[in-house]
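# Summary of structural features
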Amino acid sequence: QSQELSQVQIDYHAALQALVEDGTRMACTGRIHTDRICRFESLCYSTEAEEFVFFHSNASVMLPNLGSRRFQPALLDLSSVEDHNTQYFNFVELPAAALKFMPKPVFVPDVALITNRFNPDNLMHVFHDDLLPIFYTMQQFPDLDLESRLFFMEGWSEGLHFDLYKLLSNKQPLLREQLKTLGRLLCFTKSYVGLSKITTWYQYGFVQPQGPKANILVSGNEIRHFTKFMMEKLNVSLEESASEEYIVVFSRTINRLILNEAELILALAQEFQMKTITVSIEDHSFSHIVRLISNASMLVSMHGAQLVMSLFLPRGATVVELFPYAINPEHYTPYKTLSTLPGMDLQYVTWQNTDRENTVTFPDRPWDQGGIAHLDKAEQERIIKSKEVPRHLCCRNPEWLFRVYQDTKVNIPSLIQVIRQTVKSKPGPKKQKWTSGLYPGKVRDAKCQASVQGTSEAKLSVSWQIPWNLKYLKVREVKYEVWIQEQGENTYMPYILSHQNHTFSENIKPFTIYLVWIRCIFNKNLLGPFADVLLCST
Ligand code: UDP
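Now for a quick tour of the structure. For every chain, the first residue of its written sequence is number 1, and the numbers climb from 1 along that sequence. pLDDT decides what is reported in this predicted model: residues at 70 or higher carry local features, side-chain atom pairs at 80 or more are listed and counted, and totals for whole chains, interfaces and linings draw on all residues regardless. The basis for the side-chain values is all heavy atoms of the structure; hydrogens and waters are excluded.

## Focus on the state of the cysteines
- Only a pair of cysteine sulfur atoms within 2.5 Å counts as a disulfide in this structure description. Across all of its chains, the model carries 4 disulfides by this definition.
- Put simply, Cys-28 and Cys-38 are joined by a disulfide, and their sulfur atoms are 2.0 Å apart. Between Cys-28 and Cys-38 the sulfur-sulfur dihedral comes to about 100°; the bridge is accordingly right-handed. Taken together, the residues Cys-28 in strand β1 (residues 25–29) and Cys-38 in strand β2 (residues 37–46) connect sequence positions 10 residues apart.
- Taking the relative accessible area as the measure of exposure, Cys-38 reaches 0% and is therefore buried.
- A disulfide bridge connects Cys-448 with Cys-536, and the sulfur atoms are separated by 2.1 Å. The chirality of the disulfide connecting Cys-448 with Cys-536 is left-handed, given an S-S dihedral of about -115°. Comment: elements are numbered from the N terminus, with helices defined as DSSP H or I runs of at least four residues and strands as E runs of at least two. The buried label applies to any residue whose accessible area, calculated with a 1.4 Å probe on protein chains only, is under 20% of its type's maximum; exposed applies above 50%, and partly exposed to all values in between.

Quick look at the structure:
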């Protein structure tokens with residue numbers, strides 16, 4: 001059997017006795033099902049029932065202990081896609097004593113990460129929903145190291161990109177179907193269930209039209225830390241030397257074609273005076289594509305999952321995303337959002353075909369490749385006449401599929417023009433810069449002193465020291481923001497100041513208590529925290 005679990009020998013009788021006596025133990029992070037990840041000892045899985053099993057004994061632990069809220073709607077999301085009702089995780093409960101009547105458990109000695117892949121045949125989904133979240137879930141829990149094992153429970157076969165999943169750990173990932181060959185009752189000695197969503201940047205439109213996530217928590221730094229890991233595993237080394245600059249056209253060969261690709265390549269080469277090469281998933285190995293993209297100056301491609309490969313581009317490179325007729329680029333932004341994450345340092349350009357004569361439609365294809373022949377005539381006509389696909393939910397909108405699977409003859413002058421608007425000189429990669437993006441600490445030792453002149457005039461002198469971290473930094477511009485608020489009022493007077501002290505006299509009344517808020521600002525937009533509020537009485 002090639003699915004041999006491990007060379008690690010475990011004492012079977014000791015393991016069985018521990019399971020019977022201690023039962024299952026669970027402790028989770030996260031407050032609701034959409035941000036929960038659970039760590040288990042002795043979580044079991046019945047391959048016949050296709051259910052996870054929690055065994056209760058005197059020593060078992062279940063935190064959080066949600067009672068029936070565990071089913072409202074689930075304990076946690078098994079994939080990184082938020083609250084998708086096909087991706088929920090739960091277990092059934094049994095007393096540990098029931099083990100006497102059950103198949104003999106087979107113990108899994110490896111530390112396990114148990115998750116669902118979302119759509120393993122689509123490269124965007126592979127990276128965004130699975131690889132990045134798995135990588136960072138493993139970073140979050142130190143015992144999920146390279147010797148741990150991935151278990152994919154969504155029920156798919158390996159899929160087109162299984163080799164990429166294999167890079168994340170030294171052990172062969174196991175699929176749900178394969179668990180049957182291991183035994184009828186599997187017990188995971190130590191396992192983690194669920195996936196971190198902290199790196200995802202896009203929501204696919206299940207409850208509202210697709211778009212960037214509301215609260216993006218990842219930056220280019222974490223993306224590049226992940227791509228560096230992947231490149232090391234793929235044996236692709238970053239060429240530091242200033243070799244020849246070039247443009248990569250990532251082509252699709254099955255559908256959503258660029259009809260005048262040869263002409264496009266010639267035009268790009270001529271305009272930017274660079275070698276221009278094409279790659280496609282169908283014709284090139286993954287490491288070949290990564291090697292080329294990781295040194296490219298520009299990546300040009302039709303909208304589509306292959307564009308997720310811009311995560312391998314060097315800083316300063318340009319992403320050019322082409323959209324077919326009637327597809328509004330503003331409505332489909334997974335790759336724009338990626339390219340413009342803080343610290344990705346990519347330039348992003350979009351071009352859309354606005355010329356009906358340059359599009360080729362396929363009304364007679366199957367519905368999932370954009371065919372519309374199954375719709376009634378009036379609807380077909382409406383779609384064909386329409387100039388823009390209205391916003392819609394995922395995933396089977398026929399008008400969207402019809403338009404997104406068009407082939408396109410690219411209007412070369414208009415494309416070159418939009419690229420030139422963003423890329424003024426050469427589009428080449430730029431050297432890394434490290435100094436940007438550090439925030440100031442609190443200002444220190446803030447003090448105020450009041451003076452009253454007569455019955456109607458007063459002054460407030462406020463001073464403070466620089467944030468502690470400033471003395472170790474080179475910062476282009478340091479400013480201070482001061483808010484002066486009369487106690488009990490909702491409004492305040494804001495000031496931007498260059499020095500570490502200031503005397504306020506406008507609108508300052510005698511015999512009044514003021515609250516003074518001070519923070520430091522680096523380079524106009526890096527706002528630090530406010531120091532503890534100062535109470536100043538005139
Ligand atoms: N794909 C490809 N060449 C093609 C058509 C598709 O490489 O001519 C890849 C595509 O990059 C994705 C997968 O096949 O990884 C599924 O493509 P689909 O059109 O369904 O999804 P989309 O690219 O619109 O996300």
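Next comes the rest of the description.
## Observations concerning the packing of helix α6 (residues 261–272) against helix α11 (residues 412–422)
- Note on method: axes are straight lines fitted to C-alpha atoms, helices fitted across the in-contact stretch only, with angles between N-to-C directions ranging 0 to 180 degrees. The N-to-C vectors of α6 and α11 enclose an angle of 40°; their axes lie 11 Å apart at closest approach. Comparing the axis directions of α6 and α11 gives the class oblique. Between α6 and α11 lies a crossing whose hand is right-handed. Here Glu-263, Leu-264, Ala-267, Leu-268, Glu-271 and Phe-272 of α6 lie close against α11, whose contacting residues are Ile-412, Leu-415, Ile-416, Ile-419 and Arg-420.
- Three classes are used, and their members are as follows: Ala, Val, Leu, Ile, Met, Phe, Trp, Tyr, Cys and Pro are nonpolar, Asp, Glu, Lys and Arg are charged, and the others, Gly among them, are polar. Grouping the constituent residues of the contact of α6 with α11 by class yields 8 nonpolar, no polar and 3 charged. Working definition: roughly parallel below 35 degrees, roughly antiparallel above 145 degrees, roughly perpendicular at 65 to 115 degrees, and oblique for all remaining angles. A crossing counts as left-handed when the near helix is turned anticlockwise from the far one by less than a right angle, and as right-handed when that turn is clockwise. Two residues qualify as a contact provided that any one of their heavy atoms is within 4.5 Å of a heavy atom in the partner residue.

## Observations concerning the sheet that holds strand β17 (residues 318–323)
- Read from one edge of the open sheet, 5 strands run β15-β14-β16-β17-β18, paired in parallel fashion. Looking at which strands have only one partner, the edges of the open sheet turn out to be β15 (275–279) and β18 (347–352). Put simply, the sheet's adjacent strands are angled 20° from each other on average, direction ignored.
- Here the rule is simple: two strands pair whenever DSSP picks up at least two bridges between them. In terms of strand pairing, strand β14 (residues 246–250) meets strand β16 (residues 298–302) through 4 bridges, oriented parallel.

## Focus on the side chain of Arg-117
- Position of Arg-117 among the secondary structure elements: in the loop between β8 (106–115) and α2 (123–140).
- Any N or O atom pair separated by 3.5 Å or less is treated as a polar contact, with the protein-specific requirement of one donor-capable and one acceptor-capable atom, and with residues adjacent in sequence counted only for side-chain atom pairs. Separated by 2.8 Å, the side chains of Arg-117 and Glu-154 make a polar contact.
- Of the polar contacts made by the side chain of Arg-117, one reaches the backbone oxygen of Ser-157; its length is 2.9 Å.

## Details of the side chain of Arg-224
- Tracing the backbone through its elements, the reader meets Arg-224 in helix α5 (residues 220–233).
- Leaving out residues up to four positions away in the same chain, Arg-224 has contacts with Leu-313, Pro-314, Arg-315, Gly-343, Met-344 and Leu-346.

## A look at the site of the ligand
- Taken together, 14 residues surround the ligand, and among them Arg-252, Ile-254, Glu-282, Ala-305 and Tyr-405 come closest.
- One of the side-chain nitrogen or oxygen atoms of Asn-122 is found 2.9 Å away from an oxygen atom of the ligand.
- Accessible areas in this description were obtained via Shrake-Rupley with a 1.4 Å probe; residue shielding takes into account the shown protein chains only. Protein chains bury 79% of the 510 Å² of accessible surface belonging to the ligand in isolation.
- Considered class by class, the residues forming the shell around the ligand number 5 nonpolar, 5 polar and 4 charged. A cutoff of 4 Å decides nearness: a residue is near a molecule or strand if any of its heavy atoms lies inside that distance of it.

## Comments concerning the pairing of strand β26 (residues 513–522)
- Taking burial as the measure, the 10 residues of β26 include 8 buried ones, the bulk of the element.
- Taken together, the 9 bridges between strand β23 (residues 478–486) and β26 define a ladder with antiparallel strand orientation. Considered in β26, the bridge of Gln-485 is made with Leu-515.
- As defined by bridge partners, β26 adjoins strand β28 (residues 534–537) across 4 bridges and the pair is classed as antiparallel.

## Some details on the pattern of salt bridges
- For this document, the term salt bridge refers to a Lys or Arg side-chain nitrogen within 4 Å of an Asp or Glu carboxyl oxygen. On inspection of all chains with the given rule, the structure shows 27 salt bridges.
- Ionic pairing is found between Asp-143 and Arg-39, a salt bridge with its closest N-O pair at 3.7 Å. Residue Asp-143 is located in the loop between α2 and β9 (149–152), and its partner Arg-39 is located in strand β2; the two are separated by 104 residues in the primary sequence.
- The shortest N-O distance in the salt bridge between Glu-481 and Arg-519 comes to 3.0 Å. Placement of the pair is Glu-481 in strand β23 and Arg-519 in strand β26, with a sequence separation of 38 residues.

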